[in-house]
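One-letter residues, chain by chain:
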Amino acid sequence: MSYTAQFAQTYTQAREMFLEAADLAGAELTSFLNDCGKAPDGGELRTDVAWIGSRDSDSVLVLVSGTHGVEGFCGSACQVGFLRESILDKAPPGTSVLLVHALNPYGFAYQRRVNEDNIDLNRNFVDHDAPPHNSAYDELHDALVPASWTGPEKSEANRFLAKIGAERGVRYLQESITHGQYRHPDGLFYGGTSPAWSHRLLRTIVRDFLIGIPRIAYVDLHTGLGPRGHGEPIFRGGLDSGALDRARAWYGSELTMSEDGTSSSTPIIGNTASLVARELPPDQELTAITLEFGTLPGNEVLDALRADNWLHLQADPDPELAASIKQQIRNAFYPAACDWRSAVWSRAKEVFGQAFSVARPVVG
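Asks: What's the story with empty space enclosed by the protein in this structure? I'm lost.
Replies: Rolled over the atoms, a probe sized like a water molecule indicates the empty space that remains. Applying the stated rule across the entire model yields 2 cavities of 30 Å³ or more. Taken as a whole, the largest cavity spans an internal volume of roughly 110 Å³. Around the largest cavity, the lining residues are Arg112, Arg113, Val114, Asn118, Asp120, Gly187, Leu188, Phe189, Leu305, Asp308 and Asn309. Taken as a whole, the second largest cavity encloses approximately 30 Å³ of empty space. For the second largest cavity, the full set of lining residues is Val62, Leu98, Val100, Leu202, Ile205, Val206, Leu210, Tyr218 and Val276. The set of elements that each furnish at least two residues to the lining of the second largest cavity consists of β4 (95-101) and α7 (197-210). It is α7 that provides the largest number of residues to the lining of the second largest cavity, a total of 4 residues.

Asks: Teacher, can you tell me more about helix α9 (residues 272-279) here?
Replies: An α-helical segment advances 3.6 residues per turn. Residues three or four places apart therefore align on the same side. Among the 8 residues of α9, 6 are classified as buried, and the element is accordingly described as predominantly covered. Listing the buried residues of α9 in full gives Thr272, Ala273, Leu275, Val276, Ala277 and Glu279. Packing partners of the buried residues in α9 comprise α7, β5 (215-228), β6 (231-237) and β7 (285-294). The distance from a side-chain oxygen at the start of α9 to the backbone nitrogen of Ala273 is 3.1 Å, and the residue carrying that oxygen is Asn271.

Asks: In this structure, what is going on with helix α6 (residues 170-178)? I would like to understand it.
Replies: Of all the positions in α6, only Leu173, Ser176, Ile177 and Thr178 are classed as buried. Buried residues in α6 make contact with α4 (135-144), α5 (152-168) and α10 (298-312).

Asks: What am I meant to see in the layout of surface pockets here?
Replies: In this structure, the largest pocket occupies an estimated 780 Å³ of space. Forming the walls of the largest pocket are 36 residues, and the residues nearest its centre are Gln174, Thr178, Leu225, Gly298 and Leu302. Listed by contribution, the elements that provide at least two residues to the lining of the largest pocket are α5, α6, β5, β7 and α10. The element contributing the most residues to the lining of the largest pocket is α10, with 7 residues. Split into classes, the residues belonging to the lining of the largest pocket amount to 14 nonpolar, 15 polar and 7 charged.

Rules used in this analysis
Residues numbered from 1 in each chain as written. Predicted model: local features only at pLDDT ≥ 70, side-chain atom pairs only at ≥ 80, totals over all residues. Heavy atoms only, no water. 1 Å grid on protein atoms, 1.4 Å probe; cavity = no way out; pocket = protein on both sides within 12 Å on 5 of 7 lines; lining within 4 Å. Points joined across faces, edges and corners; volume = space filled by probe spheres on them. Helix = DSSP H or I, 4+ residues; strand = E, 2+ residues; numbered from the N terminus. Buried < 20%, exposed > 50% of the residue type's maximum accessible area, 1.4 Å probe, protein only. Contact = heavy atoms within 4.5 Å. Polar contact = N/O pair within 3.5 Å; in protein donor to acceptor, adjacent residues only side chain to side chain. Nonpolar A, V, L, I, M, F, W, Y, C, P; charged D, E, K, R; others polar.

Next up, the structure:
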């Protein structure tokens with residue numbers, strides 16, 4: 001079967017393909033219903049979890065798709081390919097796999113990066129009793145969320161953002177916008193005021209499947225940052241002192257870090273890996289990365305996010321403009337070009353193989 005067949009056109013199709021592939025692979029399947037509503041085709045919104053291997057394994061590879069909704073199309077394709085090509089057969093003995101499909105099913109189904117409450121799930125894993133504050137975002141909010149998506153309001157907003165970028169640097173602008181913010185529910189990269197449904201679900205998954213397994217490799221699949229088609233492994237942690245050294249040994253010189261400026265991603269707060277790290281006992285090793293696949297230039301991706309956010313806030317948008325914006329967001333996070341999808345799948349297989357190093361503990 002051609003690799004292109006694993007890239008779905010809708011959330012429902014992606015879910016069906018994942019469930020079929022997981023069943024054929026002999027996975028233990030568990031499904032969780034998000035009752036916030038229905039998919040656009042009337043189907044249910046579910047996160048599906050597949051476990052392959054012994055529950056008493058010494059090591060496990062965790063592959064997560066759809067943390068950022070629409071990015072789940074790419075992540076799901078990688079998970080389906082993993083299952084169809086029996087990549088687990090190449091893993092060392094004693095390794096199991098946990099696949100979390102569509103952690104944010106609403107965003108996946110409705111082609112939004114955020115969830116049903118306009119929350120960026122990868123900014124939601126914080127202490128909501130004392131949320132961090134991003135004052136730099138406050139200055140930019142009105143320009144990021146203009147009243148109109150056409151006409152002088154948008155032009156003025158764009159001029160303001162360009163001015164900030166020119167005066168303080170593009171990296172400053174990126175970090176100010178993407179770091180995460182907790183005061184503007186109608187804005188971008190909003191982290192919410194309490195644990196979202198998907199946040200609570202991930203905690204349940206960690207407690208039900210991962211507690212007690214000595215070594216865990218965690219890969220959260222994303223799109224939208226970096227050079228087109230490139231898969232960048234971004235270190236997301238592990239609380240033990242050896243986590244970074246392990247990640248460097250597994251993923252080599254291509255491993256990056258947001259904190260030291262080597263990554264296409266600026267530092268963010270409240271990502272999924274931080275929840276996994278907090279839930280695990282200190283004697284379990286976690287080596288976590290984001291695998292980020294580049295799509296379009298950063299300014300075009302940001303424009304798509306702003307357009308989609310604007311559309312979400314409209315009560316009765318023009319249908320033609322709405323359709324154009326949904327195509328824009330899809331292009332920004334799920335390109336249709338065969339060469340992009342080929343590059344994604346080739347790189348994903350390489351990184352999955354590297355992650356199997358979780359089964360080869362370093363002897364010191």
